[in-house]
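What follows is the residue order along each chain.
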Amino acid sequence: MAVHRNMAISASLLLAWGAVFLIACGNSGQPGTPPECQPGGPSEACIVDCTNSAACSERTITCPAGLTCKIDCNGPDSCDTSNIICPPNATCQLSCEGIDACGDMILQCGTGNCELTCGQTATACKGAKMICGNGECQATCSGSTPPTMMGCQEAAVCIECK
């Protein structure tokens, strides 16, 4: 896990408030799950920051169980061809903005609510797949090619991009 020194300071401050813990993707390795991000820890959410070009591309990102997981893919190819595995029993939110930010990415939802937001860039979610779990499953598109949604028949609610 690559955590930049300034991000570690920010995470410490946020932990003092008990709100979130920041996991940063970098080119040196896959993100891990620090002890603070485990269920029962001081955090209520984990934020996976994939801001920058190819920051989390071609990776498997596994969100920890029991905590809300927010993944921010903001930049060209930031999460391109990645496999994102949502927590099995908590909310999962993925935001994609930029050229091919979430192109050919697979988002595997759990039983919690699962949200995919595809931004204004036309190719932000081109080729992306969203595999719905038993919870609510929703994709929102603001100009991007919509993702392919699978497993809607198992989802409590399934809302596709219009």
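All values reported here derive from a predicted model rather than from experimental measurement.

Side note on the overall build of the chain
A tally of helices and strands in the chain yields 1 helix and 12 strands. Reading the chain from its N terminus to its C terminus gives the helix and strand order α-β-β-β-β-β-β-β-β-β-β-β-β. Counting all 162 residues of the chain, 45% fall into the buried class. If you take every contact in the chain between residues at least 6 apart in sequence, the share linking residues at least 24 apart comes to 32%. Accessible surface, the chain as shown: approximately 7,500 Å² in total, 50% of it carbon and sulfur.

Considerations on the environment of Leu116
Mapped onto the elements, Leu116 comes out in strand β8 (residues 114-118). Along the chain, Leu116 and Pro147 lie 31 residues apart, while their C-alpha atoms are 8.8 Å from each other. Leaving out residues up to four positions away in the same chain, Leu116 has contacts with Leu94, Cys96, Met105, Leu107, Cys125, Met130, Gln138, Ala139, Thr140 and Pro147.

Describing the state of the cysteines
If you walk through the whole model with that rule in mind, you get 10 disulfides. In this model Cys50 forms its disulfide with Cys56; the gap between the sulfur atoms is 2.1 Å. Measuring the twist about the S-S bond at about -90 degrees, one finds the Cys50-Cys56 disulfide to be left-handed. Grouping residues by exposure puts Cys50 and Cys56 together as buried.

Here we look at unusual backbone geometry
Non-glycine residue Ala54 carries a positive phi angle of around 55 degrees. Along the polypeptide, Ala54 turns up in the loop between β2 (45-49) and β3 (60-62). The class for Ala54 is partly exposed, based on a relative accessible area of 25%.

So, how was this worked out
Residues numbered from 1 in each chain as written. Predicted model: local features only at pLDDT ≥ 70, side-chain atom pairs only at ≥ 80, totals over all residues. Heavy atoms only, no water. Helix = DSSP H or I, 4+ residues; strand = E, 2+ residues; numbered from the N terminus. Buried < 20%, exposed > 50% of the residue type's maximum accessible area, 1.4 Å probe, protein only. Contact = heavy atoms within 4.5 Å. Areas by Shrake-Rupley, 256 points an atom, 1.4 Å probe, with all protein chains shown as cover. Disulfide = S-S within 2.5 Å.

Scope: geometric values only; no functional claims are made or implied.
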